[in-house]
Amino acid sequence: MNAMNAMNTLRTAVRGPVLLPGDPGFDTAHRPWNLAVEQPVAAVVEAADADDVAALVRFARAAGLSVAVQPNGHGASGSAAGTILLRTGRLQTLELDPAARRARVGAGVRSGQLQAAAAPHGLTGLPGSSPVVSVAGVALGGGLSWFGRAHGWVADAVAAFDVVDAEGRQRHVTAGSDPDLFWALRGGGGDFAVVTALELALFPAPRLFGGRVLWSGEHAGEVMDAYRRITATAPEELTVWLDLLHFPGSAPMVAVDATYLGEQDAARDLLAPLDRLAPPLSDSRRVMAVSELGGITAEPTDPGPGLSRAELLTGLDDAAAKALLAEPIAPLLSVQVRHLGGAFARPSDTPQGPLTEPYALYLFGIPADPAAAKAVAAKQRDLAGVLPVSGRKPFTFLNPAETAADAFTPAALARLRAVKHRHDPHGVFRANFPVGG
């Protein structure tokens, strides 16, 4: 079956909506979350359920086509060109077993939905900064959570996957049933199977304190000093991020974002160095529900263009702190430093393994036009060049100019490629960041 004939018969192969180039709505449906990424796919399919996913995979395999899976397009890299883009947003299973501290979530369930369901039971998943990303997508990328210092990678919490394999068969994958595939799915990306649902552990969160403290940028030096003091002795229940911010039309600002899995009084004691600084512009810290975490950084909840670069830092000593603050961050909008350590650094049977670097750096700007994109990339490159970067990058933070080889050790990448060859030798699946080989 040639590609043109395949596209003409695709609508009869699945029950969910199918959009082809030229169809009303296609121009919106095929776009990734990052509108700066071009994604010229052959078709968009919104699967009705797991059976529909299996039917699509069988169709693509027979037609010699590839399938790229994106619940809502976070993490898109441009690798999906020419594929059938599979949207799994309708796979909305959400089942909780509070006694067992376990959840089963469909591939389309967003982090905020899981948090809202877990909160009334005094439980939490492992959410990142945004409530609108899918739980499955985060887990497939490893996942850096607010609570990772206490509980490790998001992928560490996954106990099982429901998948459709490259032959279109539905399977339940665990460490016991298929240890290599299970290992690869827990942080190696979407290159091996379509995940339709996953089972993961929930964690106790009877008390949570968190929020953002924001100052004028003139106080960045003293805020940095306080941040370094806090993170030097922070217990695993405390996570603190530093943000240098410069939005168009506004003066530079600096913020500290924090969460603490525990009582308010203990959190305020740990964060006391912040209270000895200049009066802030705002302070949103309070006792909160785990379903309210998205409000701390208030990241955009609608698609838009962006240009990012992430690094892992081997330290944040005087020289590194000075380098971060030496010049204005413009044309970047934000420079974020996330404290890692704790459970991240412990053994992990995932492609990433233990994350021993103590800090992550995330640099973000908007490529409004080619000149702005060039300036943003140059600033990111210059900052990374004067900081103690390890050379490794979190897989979940890779940008379109990077590859899986930037995230994994050579040994882990070789094992991922072996899993790919064994489970998808004909390339039915194409991930945002293919493992290659």
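Counting restarts for each chain: residues are numbered from 1 in the order of the written sequence. Side-chain atom pairs in this predicted model are given and counted only at pLDDT of 80 or more, local residue features only at pLDDT of at least 70, and totals for whole chains, interfaces and linings cover all residues. With hydrogens and water excluded, all non-hydrogen atoms of the structure serve as input to the side-chain values.

Caption draft 1: Broad picture of helix α12 (residues 318-325). Only protein chains enter the calculation, and the probe is 1.4 Å; a residue is then buried if its accessible area is under 20% of its type maximum, exposed if over 50%, and partly exposed in between. The helix count covers DSSP runs of H or I at least four residues long, the strand count covers runs of E at least two residues long, and both are numbered beginning at the N terminus. Of the positions making up α12, those classed as buried are A320, A321, A323 and L324. All buried residues of α12 project into a common sector of 160° when viewed along the axis, lining one side. Among the exposed residues of α12, those oriented more than 90 degrees off its buried face are D318, A319 and K322. Residues of α12 that are buried sit in contact with α8 (220-233), β13 (238-245), β18 (334-339), β19 (359-365) and α13 (370-385). Between N or O atoms, a polar contact is any pair within 3.5 Å; within protein, one atom must be a potential hydrogen donor and the other a potential acceptor, and residues adjacent in sequence are included only when both atoms are from side chains. The N-cap of α12, judged by a side-chain oxygen 3.2 Å from the amide nitrogen of A319 a few residues on, is D317. Relevant arc is that of directions from the helix axis to the C-beta atoms, nothing else. Contacts: residue pairs with any heavy atoms within 4.5 Å of one another.

Caption draft 2: The nonpolar core, seen in detail. Joining through side-chain atoms within 4.5 Å is the link that ties buried Ala, Val, Leu, Ile, Met, Phe, Trp, Tyr and Cys residues into a set, and such a set is a nonpolar core. Ranked by size, the top nonpolar core spans 77 residues in total, and within it L10, I84 and F161 carry the most contacts. Among the elements that line this core, the one with the most residues is helix α3 (residues 50-63), at 7 residues. V213, V223, L274 and L363 belong to the second largest nonpolar core, which has 38 residues in total.

Caption draft 3: Local environment of the packing of α8 against α12. Axis geometry follows a simple rule: fit a line to the C-alpha atoms, using only the stretch in contact for helices, then measure angles between N-to-C directions, giving values from 0 to 180 degrees. It is the contact of α8 with α12, at a shortest axis distance of 11 Å, that shows an interaxial angle of 145°. In the crossing of α8 with α12, the sense of the turn from one axis to the other is right-handed. Between α8 and α12, the contacting residues are A220, G221, M224 and R228 on the first element and D318, A321, L324 and L325 on the second. Here the nonpolar group is Ala, Val, Leu, Ile, Met, Phe, Trp, Tyr, Cys and Pro; Asp, Glu, Lys and Arg are the charged ones; every other residue, Gly included, is treated as polar. When grouped by side-chain class, the residues that make up the contact of α8 with α12 number 5 nonpolar, 1 polar and 2 charged. Here a crossing is taken to be left-handed if its near helix is turned anticlockwise relative to the far helix by less than a right angle, and right-handed if that turn runs clockwise.

Caption draft 4: Highlighting the side chain of S348. Along the chain, S348 falls in the loop between β18 and β19. Overall, S348 belongs to the buried group, its relative accessible area being 13%. One polar contact links S348 to D156, side chain to side chain, over a distance of 2.7 Å. Once residues lying within four places of it in the same chain are set aside, the contact partners of S348 are W153, D156, G353 and P354.

Caption draft 5: Representation of the pattern of salt bridges within the structure. Salt bridge, as used here, is a side-chain nitrogen of Lys or Arg placed within 4 Å of a carboxyl oxygen of Asp or Glu. Going through the model one piece at a time under the given rule, you end up with 27 salt bridges. Measuring nitrogen to oxygen at the nearest pair gives 2.8 Å for the salt bridge that ties R11 to D23. In this pair, R11 sits in helix α1 (residues 3-13) while D23 sits in the loop between β1 (18-19) and α2 (26-29), placing the two residues 12 residues apart along the sequence. We note a salt bridge from E263 to R207, for which the minimum N-O separation is 3.4 Å. Taken together, the residues span a long stretch of sequence, with E263 in the loop between β14 (253-260) and α9 (264-270) and R207 in the loop between β11 (203-204) and β12 (209-216) at a distance of 56 residues. Taking relative accessible area as the criterion, E263 reaches 46% and is therefore assigned partly exposed. On the basis of relative accessible area, R207 is assigned to the partly exposed category, the value being 46%. Each of D165, E167, R169, R171 and D178 takes part in one network of salt bridges that share partners.

Caption draft 6: Representation of the sheet that holds strand β2 (residues 43-46) in the model. For two strands to be treated as a pair, DSSP must find at least two bridges joining them. Strand order in the open sheet formed by 4 strands is β1-β2-β4-β3, with mixed pairing between adjacent strands. Whereas interior strands pair on both sides, the edge strands pair on one side only; in this sheet they are β1 and β3 (67-69). Bridge count between β2 and strand β4 (residues 84-87): 4 bridges; the pairing is parallel. The residue bridging E46 from the neighbouring strand is R87, located in β4. On the sheet, α3 packs against β2, β3 and β4 and is oriented at approximately 170° with respect to β4.

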